[in-house]
Amino acid sequence: AKELKGAAVVFEPEEHATAPNRLTVLGDLRRGLEAEGELFLHYQPKITLDGERIEGVEALLRWQHPTQGLVPPGDFIPVAEGTGIILRLTERVLQMALAQQRTWLDAGHPVPVAVNLSTRCLLDAGLPDMVQRLLTEHRVPASLLRLEVTESAVMGDAARCMDVLQRLHDLGVRLSIDDFGTGYSSMAYLRRLPVDELKIDRSFVLGMCTTAQDAVLVRTAIDLGHNLGLTVVAEGVEGAEHVDALRTLGCDIAQGYHFARPMPAAQLSELLATVGT
Ligand code: C2E
Ligand code: CA
Ligand code: CA
Ligand code: CA
């Protein structure tokens, strides 16, 4: 059992029998970026486990393709990541998320918004300036923007990523480690990263009430996060039994279908107006 058995599984791209080919996706995406309203964001609330307040929201990209309907991000983001188009896509996502956040701020809801960054963006030395420019343009305080980066992204080319992450952190932007548990971060790296939140991958949360190993991993991640002074979020929380178990383990925040699915901005605005932040 010397092989790292999980490794091949984690990094293998998902196979979709029906997925259109790469070139078609790329061409359509270039066009979709120019088109009005094809790309938009849904927002999923992150809920505090003591008190059940909305602590923040995560922006998740949606693509309404003119003929193929709603294309899930897993079908086009990996393709975009293989080319420079991911940088334009990310700029668009930040633009949309910050414009929406400005609207919520104006309505009296200073809700932190999280945006996902792909690996490729972390290798782009121009990213921190782009983020600063967009924050200024939309008059959003840096502390209300959170950027989620996956564990494997950071571990891939840690030195280069670290520089970009440090500069983002210096702007006052908050950083999260996404999909925690699926990569190989050592404690040493985690301690050096300028992050303040750790999100436990939903595969472990899903199994935590039925599989002993998953339960151990979730508990270990929560303890590790807390020992490093990080806020710990469980993603993919689907059942009341998960909420109970996570609360018992002292997890800070939960995100998942049990509380709310990702929803259009208008619906989230209504939620903010009724429950507040
Ligand atoms: P992620 O960042 O790990 O986002 C969480 C995913 O889990 C979302 O899928 C969300 O809809 C889903 N989810 C939330 N709660 C539950 C639950 O209780 N059960 C289950 N089964 N799923 C749940 P989605 O929106 O399809 O996004 C998939 C992935 O695509 C994201 O995973 C992220 O890696 C990527 N992605 C989405 N939007 C963006 C973006 O704007 N930029 C980049 N670079 N990646 C994005
Ligand atoms: Ca995420
Ligand atoms: Ca995640
Ligand atoms: Ca994920």
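Rules of the game
- Residues numbered from 1 in each chain as written.
- Chains lettered and ligands numbered in written order.
- Predicted model: local features only at pLDDT ≥ 70, side-chain atom pairs only at ≥ 80, totals over all residues.
- Heavy atoms only, no water.
- Helix = DSSP H or I, 4+ residues; strand = E, 2+ residues; numbered from the N terminus.
- Rg over C-alpha atoms; globule rule 2.2 N^0.38 Å.
- Buried < 20%, exposed > 50% of the residue type's maximum accessible area, 1.4 Å probe, protein only.
- Contact = heavy atoms within 4.5 Å.
- Areas by Shrake-Rupley, 256 points an atom, 1.4 Å probe, with all protein chains shown as cover.
- Expected span 1.5 Å × (residues − 1).
- Arc of directions from axis to C-beta.
- Donors = N, O, S within 2.8 Å, 3.2 Å for Na, K, Ca; no water.
- Salt bridge = Lys/Arg side-chain N within 4 Å of Asp/Glu carboxyl O.
- Near = heavy atom within 4 Å.
- Polar contact = N/O pair within 3.5 Å; in protein donor to acceptor, adjacent residues only side chain to side chain.
- Axes fitted to C-alpha atoms, helices over the stretch in contact; angles between N-to-C directions.
- Parallel < 35°, antiparallel > 145°, perpendicular 65-115°, else oblique.
- Nonpolar A, V, L, I, M, F, W, Y, C, P; charged D, E, K, R; others polar.

A. View of the overall build of the protein chain. Counting secondary structure elements, the protein chain contains 13 helices and ten strands. Relative to the 2.2 N^0.38 estimate, which gives 19 Å for 277 residues, the radius of gyration of the protein chain is 18 Å and therefore close to what a compact globule would have. Looking at the protein chain as a whole, 47% of its 277 residues are labelled buried. Taking as baseline every contact in the protein chain between residues at least 6 positions apart, the subset at least 24 positions apart corresponds to 69%. Of the roughly 13400 Å² that the protein chain leaves accessible, carbon and sulfur atoms contribute 53%.

B. Just helix α6 (residues 127-138), in detail. Between its terminal C-alpha atoms α6 stretches 17 Å, which fits the 16 Å expected from twelve residues at 1.5 Å a residue. Considered for burial, the residues of α6 that qualify are L127, P128, M130, V131, L134, L135 and H138. Along the axis of α6, the buried positions cluster into a sector of 160°, meaning they face one direction only. Along α6, exposed side chains directed more than 90 degrees from the buried face belong to D129 and T136.

C. A look at the coordination of the calcium ion (ligand 2). In this structure, E58 (OE), N116 (OD1), E148 (OE) and D178 (OD) serve as the protein donors to the calcium ion (ligand 2), at separations of 2.2 to 2.3 Å. Linear spacing of the donor residues for the calcium ion (ligand 2) on their chain is E-x57-N-x31-E-x29-D. Overall, N116 belongs to the partly exposed group, its relative accessible area being 29%.

D. The arrangement of the coordination of the calcium ion (ligand 4) in detail. Ligation of the calcium ion (ligand 4) by protein atoms is provided by D179 (OD) and D179 (OD), these donors lying 2.9 Å from the ion. A separation of 3.6 Å is found between the calcium ion (ligand 4) and the calcium ion (ligand 3), both of which receive a donor from D179. Structurally, the position occupied by D179 is in strand β6 (residues 174-180).

E. Highlighting the pattern of salt bridges. This model, assessed by the stated rule, comprises twelve salt bridges. A salt bridge links D196 to R146, with the nearest nitrogen and oxygen atoms 2.9 Å apart. In this pair, D196 is assigned in the loop between α9 (187-192) and β7 (197-200) and R146 in strand β5 (residues 145-150), connecting sequence segments 50 residues apart. Members of the salt-bridge network, linked through shared partners, are K46, R146, R174, D196 and E197.

F. Region of the structure containing unusual backbone geometry. Residues other than glycine seldom take positive phi values, yet R139 does so here, at roughly 50°. Residue classification places R139 among the exposed positions, given a relative accessible area of 56%. Phi angles above zero are rare outside glycine, and D179 is one such case at about 55°.

G. A look at the site of ligand 1. The local shell around ligand 1 holds 20 residues, among which Q44, R62, N116, E238 and Y257 are the closest. E238 is positioned such that a nitrogen or oxygen atom in its side chain is 2.6 Å from a nitrogen atom of ligand 1. Against a free-state accessible area of 800 Å², the protein chains account for coverage of 82% of ligand 1.

H. Representation of the packing of helix α3 (residues 73-81) against helix α4 (residues 85-106). Two numbers describe how α3 lies on α4: the axes approach to 7 Å, and their chain directions differ by 125°. By the angle between their axes, α3 is oblique relative to α4. Here F76, I77, A80 and E81 of α3 lie close against α4, whose contacting residues are I85, I86 and L89. Grouping the amino acids of the contact of α3 with α4 by side-chain chemistry returns six nonpolar, no polar and one charged.

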